[in-house]
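Observations on the model geometry
Residues per chain, in single letters:
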Amino acid sequence: MPGNLPRSPEESEVSDDNRVVERAGWAPVRRFAERSVAGLAVVVLAGLAFGTLLLLVRANWSPLRDLDQSIATGLNDLIAPHAALAKALNVVTSAGGRGFLVPIVLMVIVLLLIRRLPRLALYLAVTGLGAAILDPGLKALVGRVRPVVAEPIGSYSGPSFPSGHTLGATIVYGMLALVLLSATRGRHKAWILSVAGLVIVAVGLSRIALGVHFLSDVLAGWLLGLAWISVTAYAFRVWRREAGHPTPSVTDGLDPDAADDLLPAPAEEKVLPHPWAKGAEILVGWVLTFGVLFFVGKAVTRWEPPFDDAFPRWLQTFRTDRLDDLSWLASKAGDTHAILLICLIFCPLALALWRQWRPVLFIVLTMVGELTLFLCAAAATGRARPSAEQLDGQMPTSSFPSGHIAATICIWVAIAVVTLPRVRHWWRWAFPVLAVVMPLLVAFSRMYRGMHHPTDVLGATILTACWVGALYLIIRPNADPATASEAAVEVHRQEQRTVAA
């Protein structure tokens, strides 16, 4: 029979090569199947554990109910007498609140879209949206009452099962860790997972310690969050495989191919040359700025110009309820929370757009220096507030210089400095306009409300001119204003591929 005829050496070699190719082709599929089974096991186990808890809570199983209540009562007796500990726990638990998690997710989605990573942005959006749907839906389904303790530390409304803070923290920090793993290597991966796990555990335990959730509520939040992350991560991996990309290990993150786009500044070699020398120069600039503020502050405190106290009292004559409300809004635009929010929004956007740390460092040092200079100068001068009626009440700091005005001038001037050389569109001139308009609004609102003299505004202007000017000369935030070029990024990618090979 022809089939029994011996094969020639050439035919044997071709057949062996084909088998090698077939095995090599099936190897990724086999690895994917093995990983898929392991991932499916995690999802099933987490889902079964959550379902068991759900049934026990719905059935009001007495052993679980007694355990939950005893833990809640014991922790309340332990923590309620210590106000400082309760305050610290409230700070920890805020890391799982929607007011904290939603802005973080939205900001990261925007940054990923800027970096042209729509797949990862869509993953975060879908996974986060699932958390927003699962929490209220399950709470309405179960309708469990929150713990009743002798001395409530905090008041929270709504059903108890599962813990929304725990569920949200597990999903958000878990999915962010999976994204960050794609851009890290070596021991940094362990740090990312450790920090994410620590925050998730801390948020859950804080909910029990504050007496607003039972132990089973928190366990349910952890288990459901793990199951949901596993489902969405598995779907993302299948999506990558169907698009023709290799399936990475879990420790490699969701999308290792996006590592170069996730790196903050791949083409920037050094943020600052000679950092110790630059640090000394920054310290000298801070001391000189403080010296100028101290001299001017002592001078206007000792020899107060006649118009200085008269101007706030003159503005007081124009007060109406409507103007009081508007001045309050303008004044809030320069307080610590508003300025911090502007920094937290602008700095990540600047890093994503320009892929350089130096302008971000310039803005951060500007605001840190402004805060320390204001506090030290205010404590050293000890100037009294105007004699006009003070709508904001007694303030803990002295009048010179104005912290609200100094912070407003510093942040908008710094943003204008780093933006103008980098933006070519006509709307870039909006930043210099804001650097003038916003400080004027805050300054008039603070004087209208009887909180500052005109020379306090002068002190804020001097602080900005000296400090921002010194930082500009030392850091040179616009030494290389162009966005990291595609050529530089491509060179970095080629280097990474060479190292990996």
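Residues numbered from 1 in each chain as written. Predicted model: local features only at pLDDT ≥ 70, side-chain atom pairs only at ≥ 80, totals over all residues. Heavy atoms only, no water.

Per-residue confidence for the protein gives a mean pLDDT of 80; residues scoring 70 or more make up 83%. Low confidence marks residues 9-35, where pLDDT is under 50. Its contacts with residues over four positions away, or in another chain, come to 11 contacts. Segment residues 483-489 is flagged for pLDDT under 50; beyond a separation of four residues in sequence, or across chains, it makes nine contacts in the model. (pLDDT = per-residue confidence, 0-100. Contact = heavy atoms within 4.5 Å.)

Before going further, it helps to spend a moment on helix α15 (residues 403-419). Residues spaced three or four apart along an α-helix face the same direction, because each turn holds 3.6 residues. The end-to-end C-alpha distance of α15 is 24 Å, a good match for the 24 Å that 17 residues give at a rise of 1.5 Å each. With 15 of its 17 residues buried, α15 lies for the most part within the structure. For α15, the side-chain oxygen to backbone nitrogen distance between the N-cap and I405 is 3.2 Å, and the N-cap itself is S402. (Helix = DSSP H or I, 4+ residues; strand = E, 2+ residues; numbered from the N terminus. Expected span 1.5 Å × (residues − 1). Buried < 20%, exposed > 50% of the residue type's maximum accessible area, 1.4 Å probe, protein only. Polar contact = N/O pair within 3.5 Å; in protein donor to acceptor, adjacent residues only side chain to side chain.)

Another point: helix α12 (residues 321-332). Spanning 12 residues, α12 covers 17 Å between terminal C-alpha atoms, matching the ideal 16 Å at 1.5 Å per step. Buried residues in α12 make contact with α15 and α16 (430-448).

Attention now moves to unusual backbone geometry. Here the bond from F400 into P401 is cis, since omega is -15°, no more than 30 degrees from zero. Relative to the assigned elements, P401 resides in the loop between α14 (358-381) and α15. With phi around 60°, R116 is a residue other than glycine that occupies positive phi space. Structurally, R116 can be placed in the loop between α4 (98-114) and α5 (118-142).

For the rest of this paragraph, the subject is a nonpolar patch on the surface. A cluster of nonpolar residues, W314, F318, L323, L326, W328 and L329, forms a patch on the protein surface that exposes about 620 Å² of accessible area. Its place among the elements puts L323 in helix α12. Overall, the relative accessible area of 36% leaves L323 in the partly exposed class. (Patch = residues over 30% accessible without salt bridge, like charges linked within 9 Å, V, L, I, M, F, W, Y side chains within 5 Å. Areas by Shrake-Rupley, 256 points an atom, 1.4 Å probe, with all protein chains shown as cover. Salt bridge = Lys/Arg side-chain N within 4 Å of Asp/Glu carboxyl O.)

With that out of the way, let us pick up the packing of aromatic side chains. Evaluated as defined, the whole model comprises six aromatic pairs. Residues F311 and W314 carry aromatic rings whose centres are separated by 5.8 Å and whose planes lie at 40° to one another, so their mutual orientation is tilted. Here F311 and its partner W314 are both found in helix α11 (residues 306-316), three residues apart, which amounts to about one turn of the helix. The exposure class of F311 is partly exposed, given its relative accessible area of 25%. When the ring of F346 is compared with that of W354, the centres are 6.3 Å apart and the planes differ by 65°; the resulting orientation is edge-to-face. The residues F346 and W354 share a single accessibility class, namely buried. Three or more aromatic residues link up through ring pairs in this structure, and these residues are W286, F290 and F294. One Lys or Arg, R319, reaches over the ring of Y448 and ends 5.7 Å from the middle of that ring. In this structure, R422 is placed above the aromatic ring of W354, and the distance from its NZ or CZ to the ring centre is 5.3 Å. (Phe/Tyr/Trp six-rings, centres within 6.5 Å; stacked < 30°, edge-to-face > 60°. Lys NZ or Arg CZ within 6 Å of the ring centre and 35° of its normal.)

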